[in-house]
Amino acid sequence: MPNPTVELLPLLRQSGTAVERRACGIRLDIGRQRISGPDFERLVAFGEKREILAAHRRMMAGAIVNESEGRAALHTSLRSFSPSAPHYDEVEHERRRIFRFAEDVRSGRWLGCRADRITDIINVGIGGSEMGPHAVYHALRGPNPDIRVHFLSSVDGVLLERILASCQPHSTLAIVSSKSFSTRETQVNAAAVDQWFLDAGIVGADRNRHIVVVSSKEDAAAQMCLPEENLFRIWDWVGGRFSVWGAVGLPVAVALGPEVFREFLQGAAEMDRHSSEAPISENLPALLALISYWNATRLEISSHCMLPYDERLRVLVAWLQQLEMESLGKTVTPEGEPIEGHTGQGVWGANGNEGQHSFYQWLRQGTGRTSVDMLWSEMPGHRYAEHYKVLLANARAQAEALVARDPSSPFFNAVSTIVLDAVNPRRLGALMAMYEHKTTMLGTLFHINPFDQPGVELGKRLSRRAEKGGDPAAAFRAVLEGAA
């Protein structure tokens, strides 16, 4: 594909190309992307040549796609209700346990050690063990939930104190979530919450009513002196940032109900079918991946901004940031060869309406290039008609304003709008699955492994030395000397 001349680059909608695609209650409009009609056709053909859908289907069938760790990547199996899906029996067994436990807590069959109903959940976990369930809970919770979820992620005592101060130990359930069960921040936070229970007299077997664990480690419950039935299983063939669909989503299932969680899974399964069956030219995640590839490699756009015009979707920004940047922040191929050009983009964003009064000036007239996803819903999540009218008017107006720049300028924005017919469990599941598939398809396009994250390990190693009083700089020099 030839490099375009930026000064003459039109918006796609000016070419006469159809710019809207619909699936799973989601409408994607790519008409404000900076690409010509002929280049768009070549881009779709490029995706076909790279066989991104064939690679996608191999992933869903259980092929070893995480080459560095020798694993499959079967997050799609977690939300499949088809007996033909890989690992169906064990996934369905654990899913039934999750639903049964959620219903027991919600109905009052599972009570605290003094027969108190559970009113609060503390989710102890970080990264993939926090961002997915946090995004889902924030999107789908009501204004006054019967069971509140608090996300204890950062190993910062301020967050710990604020959460503990808002809960009562005898009506609180802690869910300690860690795939490896060795994440240092989670260990420290779990110990602090356990001490909080102990200080309230919740000791011995009484702890069993207040703490459960989510992990791929079979002895995780035993490590916390809990019975085996307090362990909910996840598997090493699901990456942490793709894991909200299984036991990592336990706080969502408990707080919002198994029916809500099932609808969430079914919406994702609908997107899975669409992503594997629709041709590239009609395939939502494939088109998003190709547009992102074009923006990163041809237009040299290094920044991608997510702007949800819906309070319920606010936390998706942080979730997408981890999903894309941890997956695509790579500089070598699976064979260890250096990557030529760019891989992925820096993902950031905010609530769109608030962003207008913060950083839109930079987007409109600054010296940068940014790709933008603007999201909103055709149905408000409230009864205030005037609020929704003003919010929607702002979203539609800003979608136009952000691409209204001097056509001779080397600085510009490329905008997609993503409109849900409603923000409900099914549509949210489809939306999040769409972004997952976009990310893994980008892995194919860039020829990188989107399922590992070796770059974070150095920081963890240096942190462990610093915690013991060592000098991180000296530790880093030792690492470099060892590598040499």
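Refer to the structure printed above.
Reference entry: report on the structure contained in this document. Numbers given to residues run from 1 along each chain, matching the order in which its sequence is written. The predicted nature of this model means local features are confined to residues of pLDDT at least 70 and side-chain atom pairs, given and counted, to a pLDDT of 80 or more, with totals for whole chains, interfaces and linings taken over all residues. The side-chain quantities take in all heavy atoms of the structure and omit both hydrogens and water.

So, the side chain of Ser 371
Our working definition: Counting from the N terminus, the helices are DSSP H or I runs at least four residues long and the strands are E runs at least two residues long. Pairs of N or O atoms within 3.5 Å make up the polar contacts considered here, provided that, within protein, one atom can donate a hydrogen while the other can accept it, and that residues adjacent in sequence are counted only when both atoms are side-chain atoms.
Here Ser 371 shows up in strand β10 (residues 369-377). Of note is the side chain of Ser 371, whose polar atom sits 2.7 Å from the side chain of His 304.

Re the sheet that holds strand β9 (residues 346-349)
Stated precisely, the cut-off is as follows: By this definition, two strands are paired if DSSP reports at least two bridges between them. The axes are straight lines fitted to the C-alpha atoms, using for helices just the contacting stretch, and the angles between their N-to-C directions are given from 0 to 180°. We call two residues in contact when some of their heavy atoms are within 4.5 Å.
Across the sheet, which stays open at both edges, the six strands sit in the order β1-β2-β11-β10-β8-β9 with mixed pairing between neighbours. One side of each edge strand has no neighbouring strand; the edge strands of this open sheet are β1 (20-23) and β9. When the angles between neighbouring strand axes are averaged without regard to direction, this sheet yields 20°. As paired strands, β1 and strand β2 (residues 26-32) are joined by four bridges and run antiparallel to one another. By the bridge assignment, Arg 22 is partnered in β2 with Arg 27. Contacts from helix α12 (residues 316-328) reach β8 (303-308) and β9 within the one sheet, and its direction differs from that of β9 by about 180°. Sheet strands in contact with helix α16 (residues 425-446) are β2, β8, β10 and β11 (412-420), and its direction is about 145° off that of β11.

A short note on a negative patch on the surface
Keep this limit in mind: Each patch is built from residues lacking any salt bridge and having more than 30% relative accessible area; the joining distance is 9 Å for like charges and 5 Å for nonpolar side chains (Val, Leu, Ile, Met, Phe, Trp, Tyr). The method behind every accessible area is Shrake-Rupley, applied with a 1.4 Å probe, and residues are considered shielded solely by the protein chains displayed. A carboxyl oxygen of Asp or Glu within 4 Å of a side-chain nitrogen of Lys or Arg is what we treat as a salt bridge. In this tally Asp and Glu are treated as negative and Lys and Arg as positive; neither His nor the chain ends contributes. Charged side chains are reduced to one point each, which is NZ for Lys, CZ for Arg, CG for Asp and CD for Glu. Remark: exposure states derive from per-residue accessible area (1.4 Å probe, protein chains only) relative to the maximum for the residue type, with buried under 20%, exposed over 50%, and partly exposed in between.
A grouping of Glu 218, Asp 219, Glu 228 and Glu 229 is seen on the molecular surface, where their side chains present a negatively charged patch. Turning to its location among the elements, Glu 218 is positioned in the loop between β6 (211-215) and α8 (220-223). Note on Glu 218: relative accessible area 69%, which makes it exposed.

A short note on the packing of helix α4 (residues 88-107) against helix α10 (residues 258-277)
Quick note on the threshold: Nonpolar residues are Ala, Val, Leu, Ile, Met, Phe, Trp, Tyr, Cys and Pro. Charged residues are Asp, Glu, Lys and Arg, and all others, Gly as well, are polar.
Relative to each other, α4 and α10 sit at 145°, their axes nearing to 9 Å. Contact with α4, carried on its side by Arg 95, Phe 99, Ala 102, Glu 103 and Arg 106, involves Pro 258, Glu 259, Phe 261, Arg 262 and Leu 265 of α10 and no other residues of that element. Within the contact of α4 with α10, the residues separate by chemical class into five nonpolar, no polar and five charged.

Some words on unusual backbone geometry
The backbone of Ala 115 shows a phi angle near 70°, a positive value even though the residue is not glycine. When its relative accessible area of 54% is taken as the criterion, Ala 115 is described as exposed.

What about the sheet that holds β6?
The pairing of strands in a sheet happens through backbone hydrogen bonds and is either parallel or antiparallel. Pairing within the open sheet is parallel, and its five strands lie in the order β4-β3-β5-β6-β7. With partners counted over all chains shown, the strands left at the sheet margins are β4 (148-152) and β7 (231-233), one partner each. Adjacent strand axes in the sheet meet at a mean angle of 20°, parallel and antiparallel pairs treated alike. Sheet analysis places strand β5 (residues 172-177) next to β6, joined by four bridges and oriented parallel. Opposite Ala 174, over in β6, you have Ile 211 as the bridge partner. Lying over the sheet, α4 contacts β5, β6 and β7, oriented at roughly 140° with respect to β7. Across the sheet, helix α7 (residues 184-199) is in contact with β3 (120-124), β4, β5 and β6; its angle to β5 comes to roughly 160°.

As for the side chain of Ser 275
Its place among the elements puts Ser 275 in helix α10. If we ignore the near neighbours within four places in the chain, the residues touching Ser 275 are Leu 53, His 56, Met 60, Asn 283, Pro 285, His 437 and Met 441.

Remarks on the pattern of salt bridges
For the structure shown, the criterion picks out 30 salt bridges. Its salt-bridge partner being Asp 236, residue Arg 71 comes within 4.0 Å of it at the nearest N-O pair. You can see Arg 71 sitting in the loop between α2 (52-61) and α3 (75-78) and its partner Asp 236 sitting in the loop between β7 and α9 (250-256), a full 165 residues away along the chain. Between Glu 311 and Arg 314 there is a salt bridge, and its shortest N-O distance comes to 2.7 Å. Salt bridges here are not isolated pairs; linked through shared partners, they connect Arg 13, Asp 29, Arg 32 and Glu 400.

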